[in-house]
Amino acid sequence: YFRPVDIDERIDKNSIHYLTDLYYSDGRYYEEYLDEKGKKVYLDIFNSLKNVEKYLTIDCRTYGYEGKADCANAVSLSYDLILLEHPDMFWYRGCSFKYGDQIGIDITHHLVTTNKLVIYFAEKRLLRKMDTITKDLESANDYDKIKGVYTWLGSKHYTDGLKTRKDGTAWSALLDNETVCAGYAAASQLLFQRLGIKSTVVTGNTTGPHAWNFVFYDDGYYWYDATVGGSYGKDSPYFYNGFLFKNTSKYTVDIFDDEYFYWGVDHLES
């Protein structure tokens, strides 16, 4: 808990997007995908999660929404964007919501813990775990950094959401060593940023709801899915099928910025 670890110098604790010392968020999705009403909804939800609040009520009228449908769409989009912006939200497992009696939405957050002291020490543990993993890769070239992260995470045990205690969080992937797809994606994103690799978390579908990453290397962005490695296991000949792969026919993406992502082809593995 007390070994000094360097913090990303871009992290500004006064920023509206600051959450933890694990990750720097530039707020790109917030700026590009939300109108002014949506931004207010986003920030209220984000600050509720930041403050580890289990319950939240969104009064749609205070944001200027006349009906519940548009308000519900803004709430749903905000949660999607928060997860893309904040892979470091390691205490959040998901949410459920229902319409209230008035023009409002009652939200319940499903959290790993509501104990802020536990979260504080978990953040310190995660910082040190990330530092340990990345120190072995700091002197590598970018290709080996990306492959090193995939290998480390893919070698961890994959399990379904009913069996793992912390589900799709960086906590489960880095500290518990068993996780689901969202945990692989979040942990990959944290490690890539610490190694200076540009990447983003992606959500969508394969055979069901799924999360993975786009990672930049050399000539463009590549598809990267460490869950594939975790599913097959490190002794399988198919272990690296999720590393810089080209067969994406079974993948669909929820939120896609085709002006931002341009694809590399020189280093496709399979």
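Residues numbered from 1 in each chain as written. Predicted model: local features only at pLDDT ≥ 70, side-chain atom pairs only at ≥ 80, totals over all residues. Heavy atoms only, no water.

Undergrad: Would you take a moment to explain a nonpolar patch on the surface for this structure?
TA: Judged by side-chain polarity, Leu117, Tyr120 and Phe121 come together as a nonpolar surface patch covering roughly 300 Å² of accessible area. Among the residues examined, Leu117 registers a relative accessible area of 54% and is labelled exposed. (Patch = residues over 30% accessible without salt bridge, like charges linked within 9 Å, V, L, I, M, F, W, Y side chains within 5 Å. Areas by Shrake-Rupley, 256 points an atom, 1.4 Å probe, with all protein chains shown as cover. Salt bridge = Lys/Arg side-chain N within 4 Å of Asp/Glu carboxyl O. Buried < 20%, exposed > 50% of the residue type's maximum accessible area, 1.4 Å probe, protein only.)

Undergrad: What's the story with the environment of Ala170 in this structure? I'm lost.
TA: Along the chain, the position of Ala170 falls in helix α6 (residues 170-176). Linking Ala170 and Tyr79, residues 91 residues apart in sequence, is a C-alpha distance of 17 Å. Not counting residues up to four positions away in its chain, the partners in contact with Ala170 are Pro87, Leu126, Leu175, Gly183, Ala186, Ala187 and Leu190. (Helix = DSSP H or I, 4+ residues; strand = E, 2+ residues; numbered from the N terminus. Contact = heavy atoms within 4.5 Å.)

Undergrad: I'm lost on empty space enclosed by the protein in this one. Help?
TA: Left-over empty space is what a probe sized like a water molecule reveals as it rolls over the atoms. Counted according to the given criterion, the structure contains one cavity of 30 Å³ or more. Around the largest cavity, the lining residues are Tyr29, Leu84, Thr200, Val201, Val202, Thr203, Phe214, Ile255 and Phe261. It is strand β6 (residues 199-205) that provides the largest number of residues to the lining of the largest cavity, a total of four residues. Residues of the lining of the largest cavity, tallied by class, amount to seven nonpolar, two polar and no charged. (1 Å grid on protein atoms, 1.4 Å probe; cavity = no way out; pocket = protein on both sides within 12 Å on 5 of 7 lines; lining within 4 Å. Points joined across faces, edges and corners; volume = space filled by probe spheres on them. Nonpolar A, V, L, I, M, F, W, Y, C, P; charged D, E, K, R; others polar.)

Undergrad: Got a minute to help me understand helix α5 (residues 142-154) in this structure?
TA: For an α-helix, the turn length of 3.6 residues means that residues three or four places apart are oriented alike. Given a rise of 1.5 Å per residue, 13 residues ought to cover 18 Å, and the 18 Å separating the end C-alpha atoms of α5 matches this to within 8%. Listing the buried residues of α5 in full gives Tyr143, Lys145, Ile146, Gly148, Val149, Tyr150, Leu153 and Gly154. Along its buried surface, α5 packs onto α6, α7 (181-195), β7 (209-217), β8 (220-224) and α8 (226-232). The opening residue of α5, the one whose side-chain oxygen lies 3.2 Å from the backbone nitrogen of Tyr143, is Asn141. (Expected span 1.5 Å × (residues − 1). Polar contact = N/O pair within 3.5 Å; in protein donor to acceptor, adjacent residues only side chain to side chain.)

Undergrad: Looking at this structure, I do not really get the pattern of salt bridges. What am I missing?
TA: For side chains bearing opposite charge, pairing can occur when the charged atoms are close. A full pass over the atoms with the stated rule returns seven salt bridges. Across the pair Asp8 and Arg10 runs a salt bridge, and its minimum N-O distance is 2.8 Å. On the accessibility criterion, Asp8 (22% relative accessible area) is partly exposed. Arg28 is paired through a salt bridge with Glu32; the nearest N and O atoms lie 3.3 Å apart. Taken together, the residues Arg28 and Glu32, both in helix α1 (residues 28-33) and four residues apart, mark about one turn of the helix. Arg28 sits in the buried class, given a relative accessible area of 11%. By relative accessible area, which is 46% here, Glu32 ends up partly exposed. Via salt bridges that share partners, Glu31, Glu36 and Lys39 belong to a single interconnected network.

Undergrad: How do you make sense of the pairing of strand β3 (residues 104-111) when you look at a structure like this?
TA: Residues in a regular strand project their side chains so that they alternate between the two faces of the sheet. Of the strand pairs in this sheet, strand β1 (residues 55-59) and β3 are connected by five bridges, and their pairing is antiparallel. From the neighbouring strand, Asp59 faces β3, where its bridge partner is Gly104. The sheet contact formed by strand β2 (residues 92-99) and β3 spans seven bridges and is antiparallel. Following the sheet pairing, Phe97 is matched in β3 by Ile107. The turn linking β2 back onto β3 is made up of four residues. (Pairing = 2+ DSSP bridges.)

Undergrad: Would you explain α7 in this entry?
TA: When the terminal C-alpha atoms of α7 are compared, their 21 Å separation across 15 residues agrees well with the 21 Å that a helix rising 1.5 Å per residue should span. Where α7 terminates, the next one or two residues include Gly196, which has phi positive at roughly 80°.

Undergrad: Help me understand the side chain of Glu85 in this model?
TA: Among the secondary structure elements, Glu85 is positioned in helix α3 (residues 68-85). Of the side chains with opposite charge, Arg28 comes closest to the buried, unpaired Glu85, at an N-O distance of 7.0 Å. A distance of 2.8 Å separates a polar side-chain atom of Glu85 from the backbone nitrogen of Tyr29. Engagement of the side chain of Glu85 in a polar contact is seen with the backbone nitrogen of Tyr30, the distance being 2.9 Å. (Lys, Arg positive; Asp, Glu negative; His and termini not counted.)

Undergrad: Whenever I open this one, the layout of surface pockets confuses me. Can you help?
TA: Of the pockets and cavities examined, the largest pocket occupies roughly 760 Å³. Forming the boundary of the largest pocket are 32 residues, of which Leu83, Gly168, Ala182, Thr203 and Ala211 lie nearest the centre. Residue assignment for the lining of the largest pocket shows that the elements contributing at least two residues are α3, β2, α7, β6 and β7. Looking at the lining of the largest pocket residue by residue, the class counts come to 18 nonpolar, ten polar and four charged. Contributing to the lining of the second largest pocket are 21 residues, with Thr206, Asp225, Val228, Lys250 and Tyr251 lying nearest its centre.

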